[in-house]
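One-letter residues, chain by chain:
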Amino acid sequence: MKELELKYGCNPNQKPARVFVDDGNLPITVLNGRPGYINLLDALNGWQLVKELKEATGLPAATSFKHVSPAGAAVGTPLSDTLRKIYFTDGVELTPLASAYARARGADRMSSFGDFISLSDECDEATALLIKKEVSDGIIAPGYSEKALEILKAKKNGNYCIVQIDPSYVPPATEVKQVFGVKFEQGHNFLKIDESCLTNIVTKNKSLSEDDKRNLVIALITLKYTQSNSVCYVKDGQAIGIGAGQQSRVHCTRLAGQKADNWWLRQSPKVLSLEFVDGIRRADRDNAIDVYIGEEYEDVLAEGKWQAIFKTKPSVFTREEKKEWLSKNTGVAVGSDAFFPFGDNIERARKSGVTVVAQPGGSVRDDQVIETADKYNMVMCFNGIRLFHH
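A brief structural summary.

## Some words on the overall build of the protein
Next up, step 1: The helix and strand inventory of the protein stands at 14 helices and 15 strands.
Next up, step 2: Taken over C-alpha atoms, the radius of gyration comes to 21 Å for the protein, in line with the 21 Å a tight globule of 390 residues would show.
Next up, step 3: Taken along the three principal axes of its C-alpha coordinates, the protein extends 60 × 55 × 40 Å.
Next up, step 4: Going through the 390 residues of the protein one by one, you find that 53% of them count as buried.
Next up, step 5: With the model as given, the accessible surface of the protein reaches about 18,200 Å², and the carbon-plus-sulfur share is 50%.
Next up, step 6: Both charge centroids of the protein, one from 49 positive and one from 50 negative side chains, sit 3 Å from each other.

Take a look at the structure:
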C-alpha cells in the first residue's frame, strides 16, 4: 500500500489528509481503527525512539507520545514494589516489555492521558493488559501476539488504533516537508547514540557507573525525538521528567525537573497512604494526586471537595515535608539537546537529584557551567552533539 487516507489533518478543518510514499510501499499496516494525522506523527517518531533504545541497551523499550513529543520513555528493567503500586500494575504478571510500558506510561500520567504508544518488540498479553486499563489513542509495534491483539481490538468500543510497523524499514537518506507552500529538505538524522558519546568528561569527577551511562544514553535518545528546546531527566532506565518545546533552556530544565519531582513525590509515604473513595476514575485520581502534591492543594482539600475524592481528609503535604522527601532522590541523569548556556540549569537540575549530565558543550560560558557542576561533584560529559527536533 502506497497511500493511506486520513479522516483529517491536525484539525478537522484541514481536509483532505493522507500519508503516502513516492516509492515502494508504506512501512505500516493498520490492523484496527483509523489513525489520524497526529497519531501517525506520534507513531513514527515513537517507533524510531524505541527502536534506538533497544539497539543501544539490548532491552525492550516503550514510549508514550503526546503531540509529537514523548511524555515518557523507558527500557524493560524490573519494577520495585513502590513503582508497581504507583503505576497500578496490580493483577498483571510483568514481562520485560510490560515493565518498559508501565515505566513509560507511569512517569507523567497526566501528560500520557490519551497517548499513542510505541513498543520495540511484539506486543505481548501482559503489555496489552496494562494498556487495556489506560486511556490511549493507539499503538504501534512490530507485531502482536494473538491474545494481545484480541485485548487491544476491544478498546474504545472496537475503534482502538493498532498499527504494525515493518521493523526492517529504512527511510530514504533525504527527507522533505512542506510549510506554507515552501518545501524543506534535509538529510535524515541517522546519528547513532551510544556510550561512545560519553567519553569526553569535562568535570573533575570522572566516575560514570554503567547505570549512569545507560541513563544518559536513554536521555539523549529520548531528546532526539522530543520537540526542541528539550531537557530530559532519567533514573533507573526511564525518563522521569521531559521538558519539551520551550524557548528558554532553563524553562525546559525547570519543567522537566518539576515533573521529575512529582514522580518522586508520588512515591512518598504521604501520597502512598492516600485513601480514595471507591469507584473514583483513574484520571480523577491521578489529577487529585497531582494537585495534592502541588501548590494548589486546597483545590482538593477544601471542605466540600475532599469528600468526593478521599475517604478521609489528608493532612497538607507541607513544603518542608516535600523538601525533605525530595532530598532523598539521587542518582538522576540529565541530558540536554543543546548546550547549557548558564550554570542556573545545573543548579536547578541538582535540586531534582541529578548527579550526571550529558550536553553538547560549546557555550561561551562553558567554564561557568563546568564550575557549577564541580561545585556539586557532578560528572558532566560534553558530547558535541546537538539534537534539535522539529
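On we go from here.
## A word on the packing of helix H3 (residues 96–106) against helix H5 (residues 125–133)
Next up, step 1: Interaxial distance between H3 and H5 falls to 7 Å at its minimum, and their mutual angle equals 25 degrees. The angle between the axes of H3 and H5 places the two elements in the roughly parallel class. Between H3 and H5 lies a crossing whose hand is right-handed. In this structure, H3 uses Leu97, Ala98, Tyr101 and Ala102 to contact H5, whose residues at the interface are Ala126, Thr127, Leu130 and Ile131.
Next up, step 2: Across the contact of H3 with H5, the residue classes tally to seven nonpolar, one polar and no charged.

## Brief notes about the layout of surface pockets
Next up, step 1: Roughly 540 Å³ of internal volume is contained in the second largest pocket.
Next up, step 2: Asp261, Lys322, Lys323, Leu326 and Lys351 are, among the 19 residues lining the second largest pocket, the residues nearest its centre.
Next up, step 3: Secondary-structure elements contributing two or more residues to the lining of the second largest pocket are helix H8 (249–265), helix H12 (319–326) and helix H13 (344–350).
Next up, step 4: Residues that form the lining of the second largest pocket fall into these classes: three nonpolar, eight polar and eight charged.

## A few points about H12
Next up, step 1: Residues of H12 that are buried: Lys322, Trp325 and Leu326. Buried residues of H12 fall within an arc of 95 degrees about the axis and therefore sit on the same side. Exposed positions of H12 whose direction lies more than 90 degrees from the buried face are Glu320 and Lys323.

## What to know about the packing of aromatic side chains
Next up, step 1: Using the criterion set out here, one finds four aromatic pairs in the structure.
Next up, step 2: Judged by centre distance (5.3 Å) and plane angle (35 degrees), the rings of Phe276 and Phe310 are tilted. Of this pair, Phe276 sits in the loop between helix H9 (269–272) and helix H10 (282–292) while Phe310 sits in the loop between helix H11 (298–301) and H12, placing them 34 residues apart in sequence. Neither residue differs from the other here; Phe276 and Phe310 are each classed as buried.
Next up, step 3: Linked through ring pairs, Trp263, Trp264 and Trp325 together constitute an aromatic cluster.
Next up, step 4: Lying across the ring of Phe20, Arg18 places its NZ or CZ 3.8 Å from the centre.
Next up, step 5: The ring of Tyr160 has Lys155 sitting right over it, with the charged end atom 5.3 Å from the ring centre.

## Some remarks on the pairing of strand E14 (residues 354–359)
The two faces of a sheet get side chains in turn, since along a regular strand they alternate between them.
Next up, step 1: Across the six residues that make up E14, a large majority, five, are buried.
Next up, step 2: Note: strand E13 (residues 332–336) against E14, four bridges, orientation parallel. From the neighbouring strand, Val332 faces E14, where its bridge partner is Val354.
Next up, step 3: As a crossover connection, the stretch from E13 through H13 into E14 is right-handed.
Next up, step 4: Each parallel crossover has a hand, and for E14 linked through helix H14 (residues 366–375) to strand E15 (residues 379–382) it is right-handed.

## What to know about empty space enclosed by the protein
Next up, step 1: The tally for this structure, following the rule as stated, stands at one cavity of 30 Å³ or more.
Next up, step 2: Elements with a contribution of two residues or more to the lining of the largest cavity: H3 and H5.
Next up, step 3: Here the element with the most residues in the lining of the largest cavity is H3; it accounts for three residues.
Next up, step 4: Within the lining of the largest cavity, the residues separate by chemical class into five nonpolar, one polar and five charged.

## Brief notes about the side chain of Gln267
Next up, step 1: Here Gln267 shows up in the loop between H8 and H9.
Next up, step 2: Aside from chain neighbours lying at most four places away, what touches Gln267 is Thr82, Leu83, Ile86, Leu272 and Trp325.

## Examining the side chain of Asp366
Next up, step 1: For Asp366, the location among the structural elements is in helix H14.
Next up, step 2: No salt bridge is formed by the buried Asp366; the nearest opposite charge belongs to Arg365, separated by 9.0 Å.
Next up, step 3: Here the side chain of Asp366 touches Ser363 through a polar contact of 3.1 Å, landing on its backbone nitrogen.
Next up, step 4: When sequence neighbours within four positions are dropped, the list of residues in contact with Asp366 reads Gly361 and Phe382.

## Quick look at the pairing of strand E10 (residues 182–187)
Next up, step 1: Inspection of the sheet shows strand E9 (residues 174–179) paired to E10 by six bridges, in the antiparallel sense. Within E10, the residue paired with Val176 across the bridge is Glu185.
Next up, step 2: Connecting the antiparallel pair E9 and E10 is a turn made up of two residues, with Phe180 showing a positive phi of about 55 degrees.

Calculation notes
Residues numbered from 1 in each chain as written. Predicted model: local features only at pLDDT ≥ 70, side-chain atom pairs only at ≥ 80, totals over all residues. Heavy atoms only, no water. Helix = DSSP H or I, 4+ residues; strand = E, 2+ residues; numbered from the N terminus. Rg over C-alpha atoms; globule rule 2.2 N^0.38 Å. Buried < 20%, exposed > 50% of the residue type's maximum accessible area, 1.4 Å probe, protein only. Areas by Shrake-Rupley, 256 points an atom, 1.4 Å probe, with all protein chains shown as cover. Lys, Arg positive; Asp, Glu negative; His and termini not counted. Charge placed at Lys NZ, Arg CZ, Asp CG, Glu CD. Axes fitted to C-alpha atoms, helices over the stretch in contact; angles between N-to-C directions. Parallel < 35°, antiparallel > 145°, perpendicular 65-115°, else oblique. Left-handed = near helix turned anticlockwise from the far one by under 90°. Contact = heavy atoms within 4.5 Å. Nonpolar A, V, L, I, M, F, W, Y, C, P; charged D, E, K, R; others polar. 1 Å grid on protein atoms, 1.4 Å probe; cavity = no way out; pocket = protein on both sides within 12 Å on 5 of 7 lines; lining within 4 Å. Points joined across faces, edges and corners; volume = space filled by probe spheres on them. Arc of directions from axis to C-beta. Phe/Tyr/Trp six-rings, centres within 6.5 Å; stacked < 30°, edge-to-face > 60°. Lys NZ or Arg CZ within 6 Å of the ring centre and 35° of its normal. Pairing = 2+ DSSP bridges. Right-handed = clockwise from strand over helix to strand, strands pointing away. Salt bridge = Lys/Arg side-chain N within 4 Å of Asp/Glu carboxyl O. Polar contact = N/O pair within 3.5 Å; in protein donor to acceptor, adjacent residues only side chain to side chain.

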